[in-house]
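Here is what each chain is made of, one letter per residue.
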Amino acid sequence: QKEVEQNSGPLSVPEGAIASLNCTYSDRGSQSFFWYRQYSGKSPELIMSIYSNGDKEDGRFTAQLNKASQYVSLLIRDSQPSDSATYLCAVLSNSGYALNFGKGTSLLVTP
Amino acid sequence: EAQVTQNPRYLITVTGKKLTVTCSQNMNHEYMSWYRQDPGLGLRQIYYSMNVEVTDKGDVPEGYKVSRKEKRNFPLILESPSPNQTSLYFCASSLSIAGVGEAFFGQGTRLTVV
């Protein structure tokens with residue numbers, strides 16, 4: 001099984017700060033990477049996808065990918081209490097048919 | 001409304017009693033999959049289906065069966081449930097094989113096997 005590693009947290013940041021969530025993966029051939037958000041008791045929802053090295057921005061969210069270091073990160077600017085959730089990193093397998101998830105990082109944004 | 005619908009949402013059953021969790025999507029998606037989510041273990045893929053009549057094992061397929069007779073439906077079958085199958089189950093669908101990572105998840109089914 002391909003490994004996707006995340007710090008479980010909780011990561012606590014004050015409202016308005018930047019939250020930085022990190023993920024490493026073991027399969028050097030992986031090409032597609034995703035961040036999902038899961039509120040407590042709810043299902044995961046896709047918030048970002050990234051396929052190329054570098055940064056991809058969408059509103060307050062920025063995904064960063066470094067394939068050489070096998071590292072993906074998610075930055076949340078101007079964090080809000082409503083961003084408090086578990087963030088799941090997902091990596092598409094080499095076959096393209098299976099999505100491997102990390103265990104998630106719990107984020108708490110305090111007012 | 002575009003959605004993935006799972007039923008039931010909650011289920012308590014006894015060891016060995018066959019059960020089926022249904023999953024239906026109304027988005028004409030080709031790809032569907034089942035995951036289980038356990039504390040400390042995260043989301044793990046059970047089975048997936050690339051299209052009608054095409055299914056394959058994920059990381060934790062033991063004790064589960066699936067079928068894909070219609071594009072919209074992808075039921076999960078537990079022939080003889082055991083307590084270690086107590087978990088939160090999610091069905092997900094994606095538009096196509098090219099977009100597997102962009103998945104829509106159902107609301108989840110919390111299964112307890114006693």
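Structure report, in brief. What you see is a predicted model, and the numbers here were worked out from it, not measured in a lab. (Residues numbered from 1 in each chain as written. Chains lettered and ligands numbered in written order. Predicted model: local features only at pLDDT ≥ 70, side-chain atom pairs only at ≥ 80, totals over all residues. Heavy atoms only, no water.)

Regarding the pairing of strand β4 (residues 31-38) of chain B
Residues and elements named next belong to chain B.
Turning to step 1, where the next piece is worked out: The buried fraction of β4 is high, at eight of eight residues.
Turning to step 2, where the next piece is worked out: Neither face of β4 is left uncovered, since the one carrying Tyr31, Ser33, Tyr35 and Gln37 and the one carrying Met32, Trp34, Arg36 and Asp38 both have all their residues buried.
Turning to step 3, where the next piece is worked out: Where β4 lies against strand β9 (residues 87-94), seven bridges are found, and the strand directions are antiparallel. In the sheet register, Gln37 faces β9, and the bridge partner there is Leu88.
Turning to step 4, where the next piece is worked out: Two elements, β4 and strand β5 (residues 42-51), share seven bridges in a ladder whose sense is antiparallel. Its bridge partner lying in β5, Arg36 is registered against Arg44. (Buried < 20%, exposed > 50% of the residue type's maximum accessible area, 1.4 Å probe, protein only. Helix = DSSP H or I, 4+ residues; strand = E, 2+ residues; numbered from the N terminus. Pairing = 2+ DSSP bridges.)

Brief notes about a nonpolar patch on the surface
Turning to step 1, where the next piece is worked out: A cluster of nonpolar residues, Ile12, Val14 and Val114 of chain B, forms a patch on the protein surface that exposes about 300 Å² of accessible area.
Turning to step 2, where the next piece is worked out: Along the chain, the position of Ile12 of chain B falls in strand β2 (residues 10-13). (Patch = residues over 30% accessible without salt bridge, like charges linked within 9 Å, V, L, I, M, F, W, Y side chains within 5 Å. Areas by Shrake-Rupley, 256 points an atom, 1.4 Å probe, with all protein chains shown as cover. Salt bridge = Lys/Arg side-chain N within 4 Å of Asp/Glu carboxyl O.)

Concerning the layout of surface pockets
Empty space left among the atoms is revealed by rolling a probe the size of a water molecule over them.
Turning to step 1, where the next piece is worked out: In this structure, the largest pocket occupies an estimated 450 Å³ of space.
Turning to step 2, where the next piece is worked out: If you go around the largest pocket, you meet 24 residues; those closest to its centre are Gln38 of chain A together with Gln37, Asp38, Pro39 and Gly40 of chain B.
Turning to step 3, where the next piece is worked out: Those elements that provide at least two residues to the lining of the largest pocket are β9 (85-92) and β11 (105-110) of chain A together with β4, β9 and β11 (109-113) of chain B.
Turning to step 4, where the next piece is worked out: The element best represented in the lining of the largest pocket is β11 of chain B, accounting for three residues.
Turning to step 5, where the next piece is worked out: Taken together, the residues of the lining of the largest pocket break down into six nonpolar, 14 polar and four charged. (1 Å grid on protein atoms, 1.4 Å probe; cavity = no way out; pocket = protein on both sides within 12 Å on 5 of 7 lines; lining within 4 Å. Points joined across faces, edges and corners; volume = space filled by probe spheres on them. Nonpolar A, V, L, I, M, F, W, Y, C, P; charged D, E, K, R; others polar.)

Regarding the packing of aromatic side chains
Turning to step 1, where the next piece is worked out: Per the counting criterion, the structure on display carries 11 aromatic pairs over all chains.
Turning to step 2, where the next piece is worked out: A ring pair is formed by Phe101 of chain A and Phe105 of chain B, whose centres lie 6.2 Å apart and whose planes are at 75°; its orientation type is edge-to-face. With one member in each of two chains, Phe101 of chain A in strand β10 (residues 99-101) and Phe105 of chain B in strand β10 (residues 104-105) form a pair that bridges those chains. Pair check on accessibility: Phe101 of chain A and Phe105 of chain B agree, each one buried.
Turning to step 3, where the next piece is worked out: One aromatic cluster in this structure is built from Tyr36 and Phe101 of chain A together with Tyr35, Phe90 and Phe105 of chain B. (Phe/Tyr/Trp six-rings, centres within 6.5 Å; stacked < 30°, edge-to-face > 60°.)

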